[in-house]
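A structural walkthrough
So the chains spell out like this:
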Amino acid sequence: MKKYQVAIIGGGPAGYTAAEKAGKAGLSVILFEKRALGGVCLNDGCIPTKTLLYSAKLYDTFKEAKRFALEVNDFSYDFKKIMSRKNKVVRKLVLGIKAKMQEAGVTVIEGEAQLIDQNTISCNQETFGFENLIICTGSETFIPPIKGIENIDYWTHEEALSTKEQPKSLIIVGGGVIGMEFASFYNSLG
């Protein structure tokens, strides 16, 4: 069983930043991430929604071009290409985090970690020893207890980010940051 000075569960901004700092300080570090490095912010939240919003902002700018004495004729958008661009941006940033981990000497394990005892973690049927543990497990999608929701098809932010087809109509429940960003994005696209 390989032993590390620092074990980190969760590869979001808190986890990968801690891993990079500890690795650069000369500590042996292992980082466990069950989905994708970058966490919710990079993969399912801030970054992809901002990428979509930038496309929508440019589209809105073209719609208002005459106000600025500009002629912009025959413009449109391609929803699939907007979503594809978002995916490319996310992939590039995830690869950047992987490169940072490698440069810092951090061992990254993809899989769901389980604590065995105060100094042992199991992941992918292997065990790893550690001296210090940092838990950065982030957030999970919350489905509100709305009566009847179990009887309909609904999206969370994950489906909204992974769809390849633009919906004809959409109702957004929740006025948090991500809900407002999707409202703005889909409103701009009509």
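Only a predicted model underlies this, so the values are computations on that prediction, with no experimental measurement involved. (Residues numbered from 1 in each chain as written. Predicted model: local features only at pLDDT ≥ 70, side-chain atom pairs only at ≥ 80, totals over all residues. Heavy atoms only, no water.)

**Some points on the packing of helix α1 (residues 13–24) against helix α4 (residues 79–103)**
Running from N to C, α1 and α4 point in directions that differ by 30 degrees, and their axes come no closer than 8 Å. Judged by the inter-axis angle, α1 sits roughly parallel to α4. Considering how the two elements wind past one another, α1 and α4 form a crossing that is left-handed. Contact with α1, carried on its side by Tyr16, Ala19 and Glu20, involves Ile97, Lys100 and Met101 of α4 and no other residues of that element. Looking at the contact of α1 with α4, its residues break down into 4 nonpolar, no polar and 2 charged. (Axes fitted to C-alpha atoms, helices over the stretch in contact; angles between N-to-C directions. Helix = DSSP H or I, 4+ residues; strand = E, 2+ residues; numbered from the N terminus. Parallel < 35°, antiparallel > 145°, perpendicular 65-115°, else oblique. Left-handed = near helix turned anticlockwise from the far one by under 90°. Contact = heavy atoms within 4.5 Å. Nonpolar A, V, L, I, M, F, W, Y, C, P; charged D, E, K, R; others polar.)

**Brief notes about the side chain of Ser55**
Relative to the elements of secondary structure, Ser55 occurs in helix α3 (residues 46–63). With sequence-adjacent residues up to four places away left out, Ser55 is seen in contact with Ile82 and Arg85.

**Side note on the pattern of salt bridges**
Throughout the structure, instances matching the rule amount to 9 salt bridges. Here Asp60 makes a salt bridge to Lys63, at a shortest N to O gap of 3.0 Å. Of this pair, Asp60 and Lys63 are both found in helix α3, 3 residues apart, which corresponds to roughly one turn of the helix. With relative accessibility at 27%, the residue Asp60 sits in the partly exposed group. Among the salt bridges present, the one from Glu110 reaches Lys98, with a minimum N-O distance of 3.8 Å. Remark: Lys98 occurs in helix α4 and Glu110 occurs in strand β3 (residues 107–110); sequence separation between them is 12 residues. Judged by its relative accessible area of 55%, Glu110 falls in the exposed class. What makes Lys98 partly exposed here is its relative accessible area of 38%. (Salt bridge = Lys/Arg side-chain N within 4 Å of Asp/Glu carboxyl O. Buried < 20%, exposed > 50% of the residue type's maximum accessible area, 1.4 Å probe, protein only.)

**Quick word on the pairing of strand β5 (residues 120–123)**
Where burial is concerned, the two faces of β5 agree: the one with Thr120 and Ser122 and the one with Ile121 and Cys123 are both buried. Across 3 bridges, the pairing between strand β4 (residues 114–117) and β5 is antiparallel. Paired with Leu115 across the two strands is Ile121, which belongs to β5. Counting the residues that bridge the hairpin from β4 to β5 gives 2 residues. The pairing of β5 with strand β6 (residues 126–135) spans 4 bridges and is antiparallel. Looking at the pairing, Ile121 lines up with Phe128 of β6. Taking the residues between adjacent antiparallel strands as the criterion, β5 and β6 are bridged by 2 residues, where Asn124 takes a positive phi near 55 degrees. (Pairing = 2+ DSSP bridges.)

Shape is all these values report; function is a separate question.
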